[in-house]
Amino acid sequence: MPKTPVIIDCDPGHDDAMALMLALASPELEVVAVTTVAGNQTLDKVTANAIRVLDVVGADAVPVAAGADRPLVHRAAVAADVHGETGLDGPDLPPPSRDPEPIHAVELMARELRKRPLTLIPVGPLTNIALLIAMYPDLVENIEDIVVMGGAIGLGNVTPSAEFNIWCDPEAAKRVFESEADVTMIGLDVTHQAMLSAARADALRDKGRAGAVVADLHAFYRRFHLEVYGHDDTPVHDALAVAHVIDPKILNTTQLNVELDVTQGPCRGRTVVDQLRRTDRPANAHVAVGVDADRFIDLLTERIGSLA
Ligand code: RIB
Ligand code: CA
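Residues numbered from 1 in each chain as written. Chains lettered and ligands numbered in written order. Predicted model: local features only at pLDDT ≥ 70, side-chain atom pairs only at ≥ 80, totals over all residues. Heavy atoms only, no water.

Thoughts on the overall build of the chain
Selection rule: Put simply, DSSP H or I for four residues or longer makes a helix, DSSP E for two residues or longer makes a strand, and each gets a number counted from the N terminus. Every radius of gyration here is taken over C-alpha atoms, with the globule rule written as 2.2 Å times N^0.38, N being the number of residues. Per-residue accessibility, obtained with a 1.4 Å probe over protein chains only, is compared with the maximum for each type, and a residue is labelled buried under 20%, exposed over 50%, and partly exposed between these values. Two residues qualify as a contact provided that any one of their heavy atoms is within 4.5 Å of a heavy atom in the partner residue. For every accessible area listed, the method is Shrake-Rupley and the probe measures 1.4 Å; residues are considered covered only by the protein chains on display. In this tally, Lys and Arg are treated as positive and Asp and Glu as negative; His is ignored, and so are the chain termini. Working definition for charges: the position is that of NZ of Lys, CZ of Arg, CG of Asp or CD of Glu.
Across its full length, the chain holds 12 helices and 12 strands. In terms of overall dimensions, the chain is globule-like: its C-alpha atoms have a radius of gyration of 18 Å, near the 19 Å expected for 308 residues. Seen through its principal axes, the chain has C-alpha atoms that stretch 55 × 45 × 40 Å. In the chain, buried positions account for 59% of the 308 residues. Pairs at least 24 apart in sequence give 82% of the contacts found in the chain among residues at least 6 apart. Looking at the chain as shown, the accessible area adds up to about 12,100 Å², and 52% of this sits on carbon and sulfur atoms. Between the centroid of the 26 positive side chains of the chain and the centroid of its 45 negative side chains there is a distance of 1 Å.

This is the structure in structure tokens:
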């Protein structure tokens, strides 16, 4: 079975870290590169975190390039309340073993897209993806799919209306969803239906270094969810986007129109999903509407447990 070549654009971030480990543990994927974008924390912190995660699994050959250090138009806040001051609070990880590549994330994505078609898996704000589309429209045809962790048909998580990744840079998201590229939207509606329990996370503690790191990540990450949602099972938002590329049976998607609210009002950053097809706006995304939670969590824990 040929591997699917992917670039993961991320803002590690606890669930980003688990998504990276899942991708690197999965023979179905070729992780061509990892790119970073300001979101959960500042660009320098999320870039260092991405390299630290690759160091945990010995992925020294995977290039990491830093991208946008702020949203396209309006600045956004980091999510220190969720991911801590480092962006990866919890595990005691050594400093990154290397520097990022000396090129911008968008240039690295463009360089790799010129070589062959790629699936892009953005799991942070969409700033880099929007810049790529704006700067290199001729390369859009080489993008197999943009599998976005972001948005929600229903409630938001950073405001009542908006999911964090989209809220950080709604203008970038609008640019992506209006592009000619195939877009798959994996939102909170499904990520919150496929939780990683404290028990399943803790059971990874004796499953190698990566398993132990994930157990420590989850121990920190769940305290936010306990406070806000009243339980210590947590969504692993970003890993579900990666899992979808590995095993398309995990999610059910349907083609719908997604409109982005880029106003400065209370719904800024909302993904307005026309689920009942009440408008004549054409479908522009495959929107995840159902998830096989057990299939996802079994894949996630089995693959992470298989890492050294
Ligand atoms: O809303 C969840 C998303 O925001 C995830 O990607 C998480 O890492 C944060 O970036
Ligand atoms: Ca993220």
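Quick look at the pattern of salt bridges
Formally: For this analysis, a salt bridge means a side-chain nitrogen from Lys or Arg found within 4 Å of a carboxyl oxygen belonging to Asp or Glu.
Under the defined criterion, the tally for this structure stands at 14 salt bridges. The partner of glutamate 259 in a salt bridge is lysine 174, with the nearest N and O atoms 3.8 Å apart. Highlighted residues: glutamate 259 in strand β10 (residues 258–260) and lysine 174 in helix α7 (residues 170–177), separated in sequence by 85 residues. Its relative accessible area of 27% is what places glutamate 259 among the partly exposed residues. The class of lysine 174 is partly exposed, set by a relative accessible area of 25%. A salt bridge links arginine 222 to aspartate 202, with the nearest nitrogen and oxygen atoms 3.4 Å apart. Of the two residues, arginine 222 sits in helix α10 (residues 208–229) while aspartate 202 sits in helix α9 (residues 198–202), which places them 20 residues apart along the sequence.

Looking at the site of ligand 1
To keep things clear, this is the line we draw: We call a residue near a given molecule or strand whenever any one of its heavy atoms falls within 4 Å of it. The term polar contact refers here to a pair of N or O atoms within 3.5 Å; inside protein, the definition further demands a hydrogen-donor-capable atom paired with an acceptor-capable atom, and it admits residues adjacent in sequence only when both atoms are side-chain atoms. The way it works is a 1 Å grid over only the protein atoms, where trapped points that fit a 1.4 Å probe form a cavity and open points with protein on both sides within 12 Å along at least five of seven lines form a pocket, and then any residue with an atom within 4 Å of a point lines it. Any molecule with more than half of its atoms within 2 Å of a cavity's or pocket's grid points is regarded as sitting in that cavity or pocket.
All residues adjacent to ligand 1 are Asp11, Asp15, Asp16, Asn40, Val123, Met149, Asn157, Glu163, Phe164, Asn165, His237 and Asp238. One nitrogen or oxygen atom from the side chain of asparagine 40 is found 3.0 Å from an oxygen atom belonging to ligand 1. Between ligand 1 and asparagine 157 there is a distance of 2.8 Å, counted from an oxygen atom to a side-chain nitrogen or oxygen. The protein chains hide 96% of the 270 Å² of surface that ligand 1 would expose on its own. The cavity where ligand 1 resides is the largest pocket.

Topic: the sheet that holds strand β5 (residues 143–149)
The cut-off we apply is this: A pair of strands is treated as paired once DSSP finds two or more bridges between them. To get an axis, fit a line to the C-alpha atoms, keeping to the stretch in contact for a helix; angles then go from 0 to 180 degrees between the N-to-C directions.
Overall, mixed pairing links the eight strands, which are arranged β3-β2-β1-β4-β5-β6-β12-β9 in an open sheet. For this open sheet the edge positions go to β3 (64–66) and β9 (251–256), each flanked by a neighbour on one side alone. Taken pair by pair, the neighbouring strands of this sheet meet at an average axis angle of 25°, ignoring direction. As judged from the seven bridges shared by strand β1 (residues 4–10) and strand β2 (residues 29–36), these two strands associate in the parallel manner. When the sheet's bridge partners are listed, aspartate 9 is paired in β2 with threonine 35.

So, the side chain of histidine 244
Along the chain, histidine 244 falls in helix α11 (residues 237–246). For histidine 244, a relative accessible area of 12% puts it in the buried group.

Here we look at the coordination of the calcium ion (ligand 2)
What counts, and what does not: Water is not among the atoms examined, so metal sites may look incomplete; donors are the N, O and S atoms within 2.8 Å of the metal, or within 3.2 Å for Na, K and Ca.
The coordination sphere of the calcium ion (ligand 2) contains the protein donors Asp11 (OD), Asp16 (OD), Asp16 (OD), Val123 (O) and Asp238 (OD), at a distance range of 2.3 to 2.7 Å. Sequence spacing among the residues donating to the calcium ion (ligand 2) works out to D-x4-D-x106-V-x114-D. In this pair, aspartate 11 sits in the loop between β1 and α1 (14–24) while aspartate 238 sits in helix α11, placing the two residues 227 residues apart along the sequence.

Overview of the side chain of threonine 301
Looking at the element boundaries, threonine 301 is found in helix α12 (residues 293–306). Of the residues examined, threonine 301 reaches a relative accessible area of 12% and is grouped as buried. Setting aside chain neighbours within four positions, we find threonine 301 in contact with Leu196, Arg200 and Leu204.

A word on the nonpolar core
In a soluble, globular protein the nonpolar side chains are often hidden away together inside. For the record, the criterion: Throughout, nonpolar core names a set of buried Ala, Val, Leu, Ile, Met, Phe, Trp, Tyr and Cys residues whose side chains join them through atoms within 4.5 Å.
Ile8, Met21, Val34, Val242 and Phe296 are the most contacted members of the largest nonpolar core, which has 57 residues in total. Apart from the residues lying within four places of it in its own chain, the contact partners of valine 34 are Ile8, Cys10, Leu20, Ala50, Leu54, Val62, Pro63, Val64 and Ala65. Leu120, Leu139, Ile153 and Val287 belong to the second largest nonpolar core, which has 38 residues in total.

Concerning helix α4 (residues 105–115)
Within the sequence span of α4, burial applies to Ala105, Val106, Leu108, Met109, Ala110, Glu112 and Leu113. Next to the buried residues of α4 lie β1, β2, β3, β4 (118–122), α5 (127–135) and β5.

As for the packing of α1 against α10
The test is simple: These descriptions rest on fixed angle ranges, namely under 35 degrees for roughly parallel, over 145 for roughly antiparallel, 65 to 115 for roughly perpendicular, and the rest for oblique. If you view the pair so one helix is near and one far, a crossing is left-handed when the near helix is turned anticlockwise from the far one by less than a right angle, and right-handed when it is turned clockwise. All amino acids are sorted into three groups, where Ala, Val, Leu, Ile, Met, Phe, Trp, Tyr, Cys and Pro are nonpolar, Asp, Glu, Lys and Arg are charged, and the leftover types, Gly among them, are polar.
It is at 10 Å that the axes of α1 and α10 come closest, and there the two elements cross at 160°. Relative to α10, the element α1 is oriented roughly antiparallel. Crossing of α1 against α10: the hand is left-handed. Residue-level contacts link His14, Asp15, Ala17, Met18 and Met21 of α1 to Ala210, Val213, Val214, Leu217, His218, Phe220 and Tyr221 of α10. For the contact of α1 with α10, the residue count by class is nine nonpolar, two polar and one charged.

That's the geometry; what it means functionally is another story.
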